[in-house]
Amino acid sequence: MRSRNPLPAFFLSVFLVLPAFPACAGNVGANCTLEGKALYGRVQVVEAFPDFRVQVVNAFPDLKVQKVNAFPDRCGRWQFVDSFPDFRIQFVNAFPDLRIQYVDAFPGN
């Protein structure tokens, strides 16, 4: 009797499992930048033409973000504003440029 070749079954299982994983978001650099922009400072939430598309997650973030009212001068410290932002973000549910998790302490990578 001839044995079955396991390779087609393996490739089929890989192609069925891959869509279950989220799309890879951007990698935050060691100097807390993404695409050349610092990931701290004054942030404006917009509905169109953002600098970054952001997804809020509870685990495995690219960046831990602390909301602050003043002195957003370190990695991951964001002050949300309505005008004169350092960068603009749009919140999305899929295909983000950056995944963040809100924290109360120790923001950053």
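Residues numbered from 1 in each chain as written. Predicted model: local features only at pLDDT ≥ 70, side-chain atom pairs only at ≥ 80, totals over all residues. Heavy atoms only, no water.

Caption draft 1: Just the packing of aromatic side chains, in detail. Evaluation of the coordinates by the stated rule reveals 3 aromatic pairs. The interplanar angle of 70° and the centroid separation of 5.7 Å between the aromatic rings of Phe52 and Phe87 together place this pair among those described as edge-to-face. Placement of the pair is Phe52 in strand 4 (residues 52-56) and Phe87 in strand 7 (residues 87-91), with a sequence separation of 35 residues. Neither Phe52 nor Phe87 differs from the other in exposure class; each is buried. Aromatic side chains Trp78 and Phe80 sit 6.1 Å apart centroid to centroid with 70° between the ring planes, which places their arrangement in the edge-to-face category. The class for Trp78 is buried, based on a relative accessible area of 0%. Members of the aromatic cluster, each reached through a chain of ring pairs, are Phe52, Trp78, Phe80 and Phe87. One residue, Lys67, lies across the ring of Tyr102, its end atom 4.5 Å from the ring centre. (Phe/Tyr/Trp six-rings, centres within 6.5 Å; stacked < 30°, edge-to-face > 60°. Helix = DSSP H or I, 4+ residues; strand = E, 2+ residues; numbered from the N terminus. Buried < 20%, exposed > 50% of the residue type's maximum accessible area, 1.4 Å probe, protein only. Lys NZ or Arg CZ within 6 Å of the ring centre and 35° of its normal.)

Shape is all these values report; function is a separate question.
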